[in-house]
Each structure stands twice: as structure tokens, then as C-alpha cells.
Amino acid sequence: MALVLGGLALVAPDLTAQRALLAAAVALVAISLTLVVLARRFERGKAARVANIFAVIEKDSATGVLTDLEGTVLAANTAARTRFGDGMSETLAATLSTTLANPSGLLFRLRGRADEDGAAREDIATRRGHLRLSVHLAGPETYLWRLEDIAAAAQATDVPVLPMILVGRDGAVQHMNEAANRVVGGRVRRLEELFVQLPVMPGAICDIDAAEGPIRMLVAEADAGLGRRALYLLPPGVETMVADGWNVFQDLPVPLLKISQEGEVQAYNRLAAGLIGVGLKDNVHLFELMEGLGRSINDWLAETLAGRVAQQSEFLRLKRTDKEVFVQVTLNRVTEEGVPALIAVLNDATELKSLEAQFVQSQKMQAIGQLAGGVAHDFNNLLTAISGHCDLLLLRHDQGDPDFSDLVQINQNANRAAALVGQLLAFSRKQTLRPETLDMRDTLADLTHLLNRLVGEKITLTLSHDPVLEPIRADKRQLEQVLMNLVVNARDAMPQGGQIRIVTECSDLAETLERDRVKVPPGRYVTVQVSDDGVGIPSDKLQKVFEPFFTTKRTGEGTGLGLSTAYGIVKQTGGYIFVDSTVGTGTCFSLYFPVLENPEAVQPAKQLEKPKVTAKHGDGVILLVEDEAPVRAFASRALRLRGYTVLEADSAETALKTLEDTSLTVDVFVTDVVMPGMDGPSWVRKALEDRPGVRVVFVSGYAEDSFGEEQIKIPNSVFLPKPFSLNDLTDTVHSQLH
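Residues numbered from 1 in each chain as written. Predicted model: local features only at pLDDT ≥ 70, side-chain atom pairs only at ≥ 80, totals over all residues. Heavy atoms only, no water.

What follows is about the nonpolar core. The biggest cluster of nonpolar side chains holds 39 residues, and the ones touching the most others in it are Met440, Ile472, Ile500, Ile502, Val528, Phe589 and Leu591. The element contributing the most residues to this core is helix H14 (residues 476-492), with 7 residues. With near-sequence residues (within four places) excluded, valine 528 lies in contact with Met440, Leu483, Ile502, Val503, Thr504, Phe589, Ser590, Leu591 and Phe593. Of all hydrophobic cores here, the second largest spans 30 residues; its members include Met201, Ile276, Leu301 and Val309. (Core = buried A, V, L, I, M, F, W, Y, C linked by side-chain atoms within 4.5 Å. Buried < 20%, exposed > 50% of the residue type's maximum accessible area, 1.4 Å probe, protein only. Helix = DSSP H or I, 4+ residues; strand = E, 2+ residues; numbered from the N terminus. Contact = heavy atoms within 4.5 Å.)

In C-alpha cells form, the structure reads like this:
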């Protein structure tokens, strides 16, 4: 680089540029020379340090090796060269590979401890005997390693060696010294192979499954760094049980904690350790283990110690990271040597809280369903008035009128709002279904073209059918809506493309299928599975996917009603819907529909199409009964425009009062179903006692099923759901008259 800058300085046309480039070249040369000098000085210093250390360890009887941070061998003493001979490699890990099974992990672990503490060592059991590997930090990025036989090291000291077991984070036994091997009778890999009962309680007497039979040992624990524990096995001794009375409670079948006035755990038994998990240890504060009280845990403990708590039992959530656990904690005040303390009795309440959460969820869903049905009814009344008056305005404006396009927009948006209300009714299972006998193969064949347009070019849609697929009974239009919602959700879960699979088949359930708090009775079902290869749904959100307005999409990308609508339609049809999902793998929705046992019995009789009769002015008298004034105003105007004579009433009582005039002739009753006071079916039945030939049109914002039985009892009656258009109303009345 300096040469390049110098060359540029020679050819630069400007004197200032020449000087700047020449100065930069000189500076780079100076920096390079400085770095070379420093590097040589560092190397000489490192070489001198290595030579000094080597002079010390050269005559050492133990194997000694000097390495750098990467494990490269810088020097080895005579004992090391003699021990490894031709097996001496450039790195220590390669050199030890003929002696140890996995030297790299051991060297990394010891080097990490040496960086923290300055030195570290471990005893290793091999086929040829037991070795002790130790490391000392000898300088910057320089390590001195010593390898010696444990037998020789033990002979050099008169200090007895305690049986020691080194345990990792996951409970795996990483190392056992010679004394532990003698006590146990061999090498074990996990604690459950050694201890009869887990978890292991420090300071407690535990049963050990030794080679010569079960033995009892007192377990002491020490922190071994890097999340590991060193367990020391001691003779139990008679005095141990007397010294610490809490050991008496270790094997009680009740989880117990002893808590100080400050809220710190002073002692605990085995069941408490198993329930609370690895976070439980001496002197840990209770608020570090539990949460969810709704107030300060310290205040609760203080009030209990003072005797001011009427209810000493509370439900808390453990701060476990592996699973969700709820406990019922009952506090009792005790006094030990004049010092007050608390004994906490724990009870696993996870199942109880789960049942409580399920009950609350079902209550919430029921309440939301009732709310959705009520809101939908009110909205249907409003939409009937809006779309109806819009129809009246459209009759007075042709396409060339400047207001025509605005009226069309109002009408279209009213229809969109009506579709949204339909979703609310579907969720609350209060919509009107028109069930018919369906073959899922034909339904999907009719829908395939639309589904392919929905998924786009990046996604492949595949269908697979059972060759012998039996019929079901469902509303075809609503079932198509369910399938479209599921396919759209699958598409949105795969922004980069993928495959959506729809599989239909017949399944026999020999016994009750229980899952997701639902029981599917035995029988024959047609199942439809819609699966994708998308991002999947996290487990904490999986139970909420069928809730209304719950969505994992970004704001503005979804209403949260797609799956709740599908759920409501499937349940109202008499079927079942389940979801399985794995994050990163995909999601599968499974639908179960009961097979139609006798399809011939429910086939509707074919009716001959009657010629459509054109309505004439003044050929009928209509009694219109509607408590909503805007709806009544629209309906009366619409019927009068078609030439009918319309009598209006705002309540059932007013309608019956009008009919007291025997000279009055009425051809059709058009009445709302739900009204203040007497409802529609009730007043119609009473009116038909004196006028049995009158035909009836029931209108309602609720579903037909909500009063279906009442309608069946009334002859010559039909149902018109709200919101209805001008043509819907007049055509229905006309068909009743003719």
C-alpha cells in the first residue's frame, strides 16, 4: 500500500496532492515498521517465557505440556515425550485422543475454569486406570497442563479422599473419583441409576443402589462451576438425624417448606424439591419461586406471622421454565427457639386450575356467543332499514344520475356489513342453515377453481379423496365458507409458497374420541383434513385460535372471525373441528361430519316449477307488524310501491286490535318474530283462530332455528331473514299470495 501511494505521489499533477500522498506513504511505512518491531518483541517475550517455564517443568516426573489458547503445543517435558512417544501431536487434544475418549470437551471445560480461577483440575476414569489432569494459567494465552496417575498422587498425601460425583446441568454424571467408584461399585451415567429416589437433597440421607445392595449415605453438595454440582457421599452417622430434625420430614408424602421471617427458604423436603424444581435451594426468597398472588408476597408472609390473615391458603404459579405448575400454599406459624417462622404446605393445583380455566373459557365463549347473537339482531334491523331505503332511492335514479354510483356504494357496503353480521351469527351458532345431502367430492370439485384463485401461483393445492366417500348433511354454502376460510389461513401461513393438502376419507370410531375437552361419540364419520407447510402456531396460542377476534396476523390483515366462523358452522352442522400444529412444520385442521345413514329418507321431493306470476297492483291487503320504525317505514313503502294495501302496527297488541274489525279483509300477515310484549308466533296463532286462511311471513334478525318449532305449528307460514332487500320482501309476499 505504501508503494502504491508513493507511485501515485510521483504521477500526481498537483503539488499538494503529491505531498499528501507522499506523507501517507511515509506514515504507512512507519506504522508497518512499528508493528513488525512490536510483533518481534512479543514473540521474543513469549519465547523467553516459554523457555523459563520449560526449564522448570523439564525435570518434573509428571507429564507436563505448555500450550497456547488454541491448544497448540509450545513445549513438552521429558515425561510427556516419554509417555506419548510418536503419539505426540501439534495439539494437546490430538495428543490425548489415544488416552481419553473426548479430550476436546474436557480441555475446553478446564481452560474456562482456569481463566476464571487461575487453575483447575479433574479426575478421569479410563480403561487403564484413573488420571488427574490439571491446568494452570501460566501467562497471557499460555497454559501449563499436567497429567499424572491418581494412584501416584494419592500416595503422596495422607489426606483421605471423599467419594465425589460431578453432575452436569441435565443430571448426567460427568465424573466419579476412585473413592466414589469403590463405594458405588462401578461407573454410572445418570443420577437415576445411582439414587433410589430423586431429586437428591443436600444434607439428607439418601438410599443408593450400590453393587452390593442398597446403602444409605449422607449427601453433601458443592458448586463446581459452569452450572455443575459436586456431590460428596458421607457415612450417615447416628448423630446426623439428631442434629437436624428437618430430616425427619424428608420422606413425608406432603411437600413442605420452612420459611424465615424474611421470606427465605430455610429447609425443604424431597417432594417440595420435586414440585418446585431446580430453583429451590437454601436461602432463596419465596418470591423468586412463585408469583401470581396479586400483592406483595412479603406482605402476605408478614400478615400471616402477625396472625392477621383470615385465609392462610393461596393459589400461586411456580416460576418454572419447563412447564406451567400451580400450587396451593397453606402457611402455618411456628416458633423455634423463640424465633417465629412459617411452615408452608404445598399442594399441586395444576389440574384444578386447568379445570377452572376451562370452565371460565366456556363461560366466556357462551357469553360472547349471546352477545354476538344480540348484536347481530340489532345490526340486522339497522341494515334492513339502510339497504331498504337505499333500494327505494335507486328506484328513483337511473344510471345516468350523478347520485347513482354513491347509492350503489351504500348498497354494496350494506351487503358487506350483512356478511360480517352473518359471521357473528355463525360463531354464535344462531344463523339459519339450509342443510342438504352432500358428497364432499362434488362440493370440493365445484370449489376447486375458486380455491386455486385464492391461493395464488406460489402455492400448490392438492386434493385427495376416499374412493368410497359417503354422503353427509350440511349447508353447502356454509361448508364452502368453512373450507375457504381454512385455505386462506393456510395460504397466509406460507408467504414464501408451499403446498396445501385437502384430504377426505371415511373413518370409523370404535370408541369415544376424547381430545381438546370434546368427546366425539363412536360411529362413522367423513373427515376433511386441510394441512399446510407454514410457520405453524405456537402452543400458547393454539387453544385460542377459535376465539372470535383473535388473530395472529398484523393489524388490518384479518378480523379474527375466520376460524371462529368455521367453528360455529361446523358445530351447528353437528360436526367437530380440531387443530394440530408444530412451529416451523405446519398446521392441520381436521373436520369430522357424521355420515348420513339413510340419504334416501331426507331427499326433498322434486317439485314442478310453477310459472312465475306477475304481481298486480291492488291485489292484496297486508298487515305489517314491526316494532322498529325505520324497518316498518321501508317495508310499508316497498309493498305499497308494488300495489298492495298495507295496514301498519307497531306491536302485536295493536295488530290484534286492528283485526277486531270483522269487516276488514287481510290476505297476508308480515310480522317480526321478537317484539316487546307478545311475540310474533303468539299473536299470529291467536289471530288465526278467527281468520284461519290468512298466510304469514315471519321476518327476524335472529335465525329461523330460534323459533323453528313455533313456525312449524303455524300453517301457511314462511320465514324471511333480515336484512332483506325490497325485491326479497315483495317477492316473498307475492309467492304467499299466489
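Time to look at the pairing of strand S8 (residues 205-210). Strand direction decides the pairing type here: S8 and strand S9 (residues 213-225), joined by 6 bridges, are antiparallel. Counted as the bridge partner of aspartate 209 is proline 214 from S9. (Pairing = 2+ DSSP bridges.)

A word on unusual backbone geometry. It is generally the case that most residues other than glycine have a negative phi and that most peptide bonds are trans. Here lysine 722 and proline 723 are connected by a cis peptide whose omega angle stands at -5°. Considering the arrangement of structural elements, one finds proline 723 in the loop between strand S30 (717-721) and helix H21 (726-737). Phi is positive for asparagine 716, close to 55°, though the residue is something other than glycine. Since its relative accessible area comes to 37%, asparagine 716 is described here as partly exposed.

Read across the sheet, 6 strands follow the order S12-S11-S16-S15-S14-S13 without closing on themselves; strand pairing throughout is antiparallel. Of all strands in the sheet, those bounded by a partner on one side alone are strand S12 (265-268) and strand S13 (290-291). Pairing of S13 with strand S14 (residues 313-318), which is carried by 2 bridges, proceeds in the antiparallel orientation. Within S14, the residue paired with methionine 290 across the bridge is leucine 318. Lying over the sheet, helix H10 (residues 297-306) contacts strand S11 (256-259), S13, S14, strand S15 (326-336) and strand S16 (339-348), oriented at roughly 45° with respect to S15. (Axes fitted to C-alpha atoms, helices over the stretch in contact; angles between N-to-C directions.)

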